[in-house]
Amino acid sequence: MNLLETPIEFLKGVGPQRGDLLRKELSIHKYGDLLNLFPNRYIDRTRYYKINELQNSNSEVQIVGKIINIKTVEQGKGKSRLVATFIDETGQMELVWFQGQKWIRESIKINVPYVIFGKVSQFGATYNMAHPEMELLEEHKASLRSAMQPVYPSTEKLANKGISNKVINKMMQQLFVETQALFSENLPNYLLEELKLVPKNAALFNIHFPKSQDLLAKAQFRLKFEELFFIQLQLITKNLIRKHKIKGMPFEKVGENFNNFYKNHLPFDLTNAQKRVLKEIRNDLGSNAQMNRLLQGDVGSGKTIVALMCMLLAKDNGFQSCLMAPTEILANQHFNGITELAKELNLNIKLLTGSTKTSERKVIHEALENGSLDILIGTHALLEDKVQFDNLGLAIIDEQHRFGVEQRSKLWKKNAIPPHVLVMTATPIPRTLAMSLYGDLDISVIDELPPGRKPIQTVHRYDSNRLKVWKFLKDEIARDRQVYIVYPLIQESEKMDYKDLMDGYESISRDFPLPHYSISIVHGKMKPADKDEEMRRFSEGKTNIMVATTVIEVGVNVPNASVMVIESAERFGLSQLHQLRGRVGRGAEQSYCILMTSHKLSNDSKIRMETMVRTNDGFEISEVDLKLRGPGDIMGKQQSGVLNLQIADLVKDKDILQLARHHAIKLLKEDAPIEKPEHAKLREAFIELSKKKTIWNYIS
Ligand code: ADP
Ligand code: MG
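The notes below deal with the structure included here. Quantities reported herein were computed from a predicted structural model and do not represent experimental measurements.

Here is what the cut-offs are and how they apply
- Residues numbered from 1 in each chain as written.
- Chains lettered and ligands numbered in written order.
- Predicted model: local features only at pLDDT ≥ 70, side-chain atom pairs only at ≥ 80, totals over all residues.
- Heavy atoms only, no water.
- 1 Å grid on protein atoms, 1.4 Å probe; cavity = no way out; pocket = protein on both sides within 12 Å on 5 of 7 lines; lining within 4 Å.
- Points joined across faces, edges and corners; volume = space filled by probe spheres on them.
- Helix = DSSP H or I, 4+ residues; strand = E, 2+ residues; numbered from the N terminus.
- Pairing = 2+ DSSP bridges.
- Axes fitted to C-alpha atoms, helices over the stretch in contact; angles between N-to-C directions.
- Contact = heavy atoms within 4.5 Å.
- Nonpolar A, V, L, I, M, F, W, Y, C, P; charged D, E, K, R; others polar.
- Expected span 1.5 Å × (residues − 1).
- Buried < 20%, exposed > 50% of the residue type's maximum accessible area, 1.4 Å probe, protein only.
- Phe/Tyr/Trp six-rings, centres within 6.5 Å; stacked < 30°, edge-to-face > 60°.
- Lys NZ or Arg CZ within 6 Å of the ring centre and 35° of its normal.
- Left-handed = near helix turned anticlockwise from the far one by under 90°.

A look at the layout of surface pockets
Working step 1: In this structure, the second largest pocket encloses a volume near 1600 Å³.
Working step 2: His131, Pro132, Glu133, Ser164 and Asn165 are the residues nearest the centre of the second largest pocket, which is lined by 43 residues in total.
Working step 3: Those elements that provide at least two residues to the lining of the second largest pocket are strand 1 (41-44), helix 3 (101-107), strand 5 (114-123), strand 7 (133-136), strand 8 (148-151), helix 5 (156-160) and helix 6 (165-179).
Working step 4: Counting residues per element, the lining of the second largest pocket draws most heavily on helix 6, which supplies seven residues.

Written as structure tokens, this is what we have:
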């Protein structure tokens, strides 16, 4: 049996209790899992500080010295702390313990040299260190340690139960002793040579016991490459398998509906980007494989008409199609927009949402099942079991961030043969994320806005400038333009946000009085019908100002609205700000976005404001967002599983990801099922990994 498969409790020094903790806290079940527990960072333990060199920098230091006395200090309320005086030849400081006082008091030796290690802080004139790591100088000298000391991931529970970093270090040493550090290579020789990667053995040794910065860097590079390379192999293999195995329903012809629409009813010339994307989609639809495509396009780039034209292709080939949107407002808008675009065509298009009446539902269900309904647009109401298609050929999903993976897959399970799938998103995803999350998907990008749009001008204003901002709004309204004023809505503080919104609404009503001005308000607590009514009044130009929470974030289209004021803009994330800004700039007039904040801004908030003011490019913004928040946050919790990387970092290791993807594609081009003899080891590792970690994506 492979030694690395040995249950972790068999490792000397672990045992059943610690084994249990390791399993629960760090998912370490076997020797191999421990081996792949990589340090978060390394501490330079080559340097010894003197007490008179200490600065209150909160940094970690190690010092050689002695404890000359130790006492318990009462803190009141039955609490106490243990305080020791620690000296070296240059001065003295205090060591402090709050926990485990009895044990420490009994085990500590007075007037014997120790090496202590930890964070220093300053209270008055005295430096102190709480819960230092301690080792007798004699033992310290005798122990084999590397200069760069690894710090492993840990949890509070582990620390409390005595599994300190030092203990994990010892386990790691024991692991290397028991396995004799013989770990088999899993990358082919030619790759090691070409990329100058250190062998697996050396990499694992140096990641845990680095002898120098240089060796550590080489080890990290090798292991990061390996991790990303295997993920890419998996994703690309999955894509190849899908294309081979899952027969799609070929949309062989471009027929009557598509041609008629293209020739006679296009309301505008398509942009080159739209044309290119349509071609990419048509290629997929015409092939024998199921389409699984992500369509990225910034707000306002014109995804809707692309969606419609795809649905016309479905119709031309005798298939039904559906379009699912995350909110009722957006579903409505799609329905209105698409019915309008397709009004000259003879199509049966219906809308299905939570508010669809039972009688209307019945009609829809029937028409769906007997095949007389061509296009169904709606919200997650589409996912209900009662909704059964006669022959669903194409499923389009708008704004995919809001749907869970399982939810979506319900849609394709409705058919014996999975329909073609097109996911549209207005939230640009950084290339690195797209590559690692959607490596098995095909991606189309509309990277061009329809002509004649002026870039939105964005400014950042403080609350103290509100009068000037209001004046500006009045000028715009005097020119017959309309204005959005948006308030944040954050789930946790819903009540307060609601109050902010209402206070804001009141003061706006005062500053923009009737009959000169009229104001709409939309928020989450309103009934859908009331919301729709207000939205309708605004979009028909009956009101000048729309005061809203972020319900308008997704998709509403009022081309005459030229100003977007975002209140408490510091409370919004970058992608949300960008989405909101996308609500204006939809007509030919100059549009503006005004970010209102207080004077007190965190560094991150400042960067967010500056980024918004600097650029309108959603991809650039998403890159900044990725740097600020990290990949997990951007994709939301449910998607973060994919990003559970052991060692690589999608922000910092972009180049390695690119390299890994390049080589994975190259390898699979030459040896798709991974069968060649020189790939035997790789194949083994690949199969092993696929068993453990299935990499899923948004769509499958
Ligand atoms: P999004 O990609 O945000 O969904 P929409 O499909 O809602 O964008 O399009 C935004 C606006 O641009 C709509 O009013 C639409 O009619 C218009 N539009 C789309 N494509 C073009 C084009 N090629 N030329 C001019 N206007 C276009
Ligand atoms: Mg849209």
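Quick notes on the sheet that holds strand 18 (residues 519-522)
Working step 1: The six strands lie next to each other as 16-21-20-17-19-18, forming an open sheet whose pairing is parallel. Edge strands, defined here as strands with exactly one partner in the open sheet, are strand 16 (457-462) and strand 18. Strand-to-strand twist across the sheet, computed as the mean angle between neighbouring axes with direction ignored, equals 20 degrees.
Working step 2: The sheet contact formed by strand 17 (residues 482-486) and strand 19 (residues 545-548) spans four bridges and is parallel. Counterpart to Tyr484 in the pairing with strand 19 is Met546.
Working step 3: The strands that helix 17 (residues 466-478) touches are strand 16, strand 17, strand 19, strand 20 (561-566) and strand 21 (592-597); relative to strand 21, the one it contacts most, it runs at about 155 degrees.
Working step 4: Those strands touched by helix 18 (residues 494-511) are strand 17, strand 18 and strand 19, and its axis lies near 175 degrees from that of strand 18.

A word on empty space enclosed by the protein
Working step 1: Within this structure, the stated rule accounts for three cavities of 30 Å³ or more.
Working step 2: Considered as a void within the structure, the largest cavity measures approximately 50 Å³ in volume.
Working step 3: Split by residue class, the lining of the largest cavity holds two nonpolar, three polar and two charged.
Working step 4: Its boundaries defined by the atoms lining it, the second largest cavity holds a volume of some 40 Å³.

A look at helix 6
Working step 1: Taking 1.5 Å per residue, 15 residues should reach 21 Å; helix 6 reaches 21 Å between its end C-alpha atoms and fits that length.
Working step 2: Taken residue by residue, helix 6 has Asn165, Val167, Ile168, Asn169, Met171, Met172, Gln174, Leu175, Phe176 and Thr179 as its buried positions.

Examining unusual backbone geometry
Working step 1: For the bond from Leu514 to Pro515, the omega torsion is -5 degrees, close enough to zero to count as cis.
Working step 2: Along the chain, the position of Pro515 falls in the loop between helix 18 and strand 18.
Working step 3: A positive phi angle, near 55 degrees, is found at Ser27, a position not held by glycine.

Here we look at the packing of aromatic side chains
Working step 1: Under the definition given, this model contains 12 aromatic pairs.
Working step 2: Relative to Phe209, the ring of Phe176 has its centre 5.1 Å away and its plane inclined at 85 degrees; by these criteria the two rings are edge-to-face. Remark: Phe209 occurs in the loop between helix 8 (200-208) and helix 9 (213-245) and Phe176 occurs in helix 6; sequence separation between them is 33 residues. Phe209 carries the same exposure label as Phe176, and that label is buried.
Working step 3: Taking the centre distance of 5.4 Å and the plane angle of 45 degrees together, the rings of Phe205 and Phe209 count as tilted.
Working step 4: Residue class for Phe209 comes out buried when judged on its relative accessible area of 12%.
Working step 5: Members of the aromatic cluster, each reached through a chain of ring pairs, are Phe176, Phe183, Phe205 and Phe209.
Working step 6: Its guanidinium or amino end placed over the ring of Trp470, Arg466 lies 5.1 Å from that ring's centre, counting from NZ or CZ.
Working step 7: Between the NZ or CZ atom of Lys474 and the centre of the ring of Phe512, over which it lies, the distance is 5.1 Å.

A look at the sheet that holds strand 14 (residues 420-425)
Working step 1: Taken in spatial order, the seven strands of this open sheet run 11-12-10-13-14-9-15, and their pairing is parallel. Each edge of the open sheet is held by one strand with a lone partner, namely strand 11 (349-352) and strand 15 (442-446). Pairs of neighbouring strands in the sheet enclose a mean axial angle of 20 degrees, with direction left out of account.
Working step 2: With four bridges joining them, strand 10 (residues 320-324) and strand 12 (residues 375-378) adopt parallel strand pairing. Bridge pairing links Met324 to Gly378 in strand 12.

Topic: helix 20 (residues 574-581)
Working step 1: Among the eight residues in helix 20, six count as buried, and that is most of the element.
Working step 2: Among the residues making up helix 20, those that are buried are Leu574, Leu577, His578, Gln579, Leu580 and Arg581.
Working step 3: Buried-residue contacts for helix 20 involve strand 16, strand 17, strand 20, strand 21, helix 21 (603-614) and helix 22 (618-629).

Points about the pairing of strand 4 (residues 91-97)
Working step 1: Bridge count for strand 3 (residues 79-88) against strand 4 is seven bridges, and the pairing is antiparallel. Its bridge partner lying in strand 4, Ile87 is registered against Gln92.
Working step 2: Hairpin remark: strand 3 followed by strand 4, antiparallel, with two residues in the connecting loop.
Working step 3: Where strand 4 meets strand 6 (residues 126-130), three bridges bridge the pair, whose relative direction is parallel. Across the sheet, Leu95 pairs through a bridge with Met129, a residue of strand 6.

Digging into the packing of helix 20 against helix 21
Working step 1: As a packed pair, helix 20 and helix 21 sit with axes 10 Å apart at the nearest point and diverge in direction by 35 degrees. Classified by chirality, the crossing of helix 21 by helix 20 is right-handed. The residues of helix 21 that touch helix 20, namely those facing Leu574, Leu577, His578 and Arg581, are Arg608, Met609, Thr611 and Met612.
Working step 2: Residue classes in the contact of helix 20 with helix 21 are distributed as four nonpolar, two polar and two charged.

So, to be careful, I would describe these as geometric facts and stop short of saying anything about function.
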